[in-house]
Amino acid sequence: MNDLTLPYYKATSTNSSAFQIENNSASPSSTAIYGYSLAGTGIKAMSSSGYALETSGKVKIAGNGQSVYYGKVLTTDGVGNATWEGAIAFSANGVSDAHNDLGYAVAKKVVLATKQYDMQNNFTSAANANPSVFTAPVKGIYHFDAQVTTGPIVGVSPNHYISNELRLMTKIDGVTSMITSTTVTASVPSRTTLQISIDCPVTTGDEVWLEIWQNSATGAYIVEGSTLSRFSGRLVLKTAPGLFD
């Protein structure tokens, strides 16, 4: 290595390793090769037809530009920069008697009593001033599943038909609109079960919640029970800026 001066370049042709360093220390803080660059690339590997990088052992990707968290997956942007993304998911179910009555011809938010999980605290609890609302932390394609079961109307004669509509609502830049809805009509005293399952684009900061509307008679209600009413959502794919703007 007498000719090693910076910058340094030397080419060779060999079937074995052209350069090899071993660090046999058993310390977990030991490093065989360490590369650092203030604003550029610490270590750059290239191969015209083989593997630019091959590892035999665990891989850790962290540090500047990375937001590590349980359950995230490594994804790339439009030019190949890799970051940890995902782990955005929530699930809540059940309603309490304080939130289960349905007024006649009045839209009402579905307030879920219990959160099963909320990976990054994006879904407000029932005790919140604005309960049961999911706020998207990143722009992407999200999947939502919802189910609400309504009970028979009290004091209404049999064969009277009730009509309930479950709506998936959103607020974008202060403007409220409906993403999708489903309607079920049934005769008293039957229960009605309304379900929504959809993939849809959501932008950072958009709010999403459930709303139910019935236009039949007074006395309708959402049936209590953790398996009868539920709402869940998760990020499927983070999308590029400008897509579906």
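Thresholds, definitions, all that
- Residues numbered from 1 in each chain as written.
- Predicted model: local features only at pLDDT ≥ 70, side-chain atom pairs only at ≥ 80, totals over all residues.
- Heavy atoms only, no water.
- Pairing = 2+ DSSP bridges.
- Helix = DSSP H or I, 4+ residues; strand = E, 2+ residues; numbered from the N terminus.
- Phe/Tyr/Trp six-rings, centres within 6.5 Å; stacked < 30°, edge-to-face > 60°.
- Buried < 20%, exposed > 50% of the residue type's maximum accessible area, 1.4 Å probe, protein only.
- pLDDT = per-residue confidence, 0-100.
- Core = buried A, V, L, I, M, F, W, Y, C linked by side-chain atoms within 4.5 Å.
- Contact = heavy atoms within 4.5 Å.
- Salt bridge = Lys/Arg side-chain N within 4 Å of Asp/Glu carboxyl O.

Visitor: Where do I start with the pairing of strand S2 (residues 82–85) in this structure?
Guide: On a regular strand, one side chain projects to one face of the sheet and the next to the other, so that they alternate. Summarising the sheet, strand S1 (residues 73–76) and S2 pair through 4 bridges and their orientation is antiparallel. Note that in S2 the partner of leucine 74 across the bridge is tryptophan 84. The hairpin turn running from S1 into S2, its antiparallel successor, is 5 residues long, and glycine 80 in that turn takes a positive phi close to 95°.

Visitor: What's the story with the packing of aromatic side chains in this structure? I'm lost.
Guide: The geometry of two aromatic rings is summed up by the distance between their centres and the angle between their planes. Summed over the entire model, instances satisfying the criterion amount to 8 aromatic pairs. Measuring from ring centre to ring centre gives 5.0 Å for phenylalanine 90 and phenylalanine 134, while their planes differ by 20°; the resulting arrangement is stacked. Taken together, the positions of phenylalanine 90 in strand S3 (residues 89–93) and phenylalanine 134 in strand S6 (residues 134–135) put the pair 44 residues apart, joining distant regions of the chain. For phenylalanine 90, a relative accessible area of 0% translates into the label buried. Ring centres of phenylalanine 123 and phenylalanine 231 lie 6.0 Å apart, and the angle between their planes is 70°; this geometry places the pair in the edge-to-face category. In this pair, phenylalanine 123 is assigned in the loop between strand S5 (114–118) and S6 and phenylalanine 231 in strand S13 (residues 230–238), connecting sequence segments 108 residues apart. Connected via pairs of aromatic rings, a cluster forms that spans Phe90, Phe123, Phe134, Tyr142, Phe144 and Phe231.

Visitor: Before we go on, may I ask you to explain the confidence of the model for the chain in this structure?
Guide: Predicted coordinates in areas of low pLDDT are best not read in detail. Chain-level statistics for the chain give a pLDDT mean of 86 and a share of 89% at 70 or above. Per-element averaging of pLDDT across the chain places S1 at the bottom with 79 and S6 at the top with 98.

Visitor: How should unusual backbone geometry be read in this particular structure?
Guide: As a rule of thumb, non-glycine residues mostly have phi less than zero, and peptide bonds are mostly trans rather than cis. Here the residue pair leucine 6 and proline 7 is connected by a cis peptide bond, since its omega of -10° sits within 30 degrees of zero. Checked against the element boundaries, proline 7 lands in the segment before S1. For asparagine 121, which is not a glycine, the phi torsion comes out positive at approximately 60°. Within the element layout of this structure, asparagine 121 appears in the loop between S5 and S6. The exposure class assigned to asparagine 121 is exposed, which follows from its relative accessible area of 61%. The phi dihedral of aspartate 173 falls on the positive side, at around 55°, and the residue is not glycine. Along the chain, aspartate 173 falls in the loop between strand S8 (161–172) and strand S9 (175–187).

Visitor: Please clarify how the nonpolar core should be interpreted in this entry.
Guide: Counting residues in each nonpolar core, the largest one holds 28 residues, and the members touching the most others are Val110, Phe134, Tyr142, Phe144, Leu166, Leu210 and Phe231. Not counting chain neighbours up to four residues away, the residues in contact with leucine 166 comprise Val110, Ala146, Val148, Thr180, Ser181, Thr182, Leu194, Gln195, Ile196, Leu210 and Glu211.

Visitor: Please explain the pattern of salt bridges as it appears in this structure.
Guide: Where charged atoms from two side chains of opposite charge come close, those side chains can pair. Per the stated rule, a full pass over the model turns up 4 salt bridges. Two residues, aspartate 118 and lysine 115, come together in a salt bridge whose shortest N-O distance is 3.1 Å. On the basis of relative accessibility, which here comes to 17%, the residue aspartate 118 falls in the buried class. With relative accessibility at 31%, the residue lysine 115 sits in the partly exposed group.

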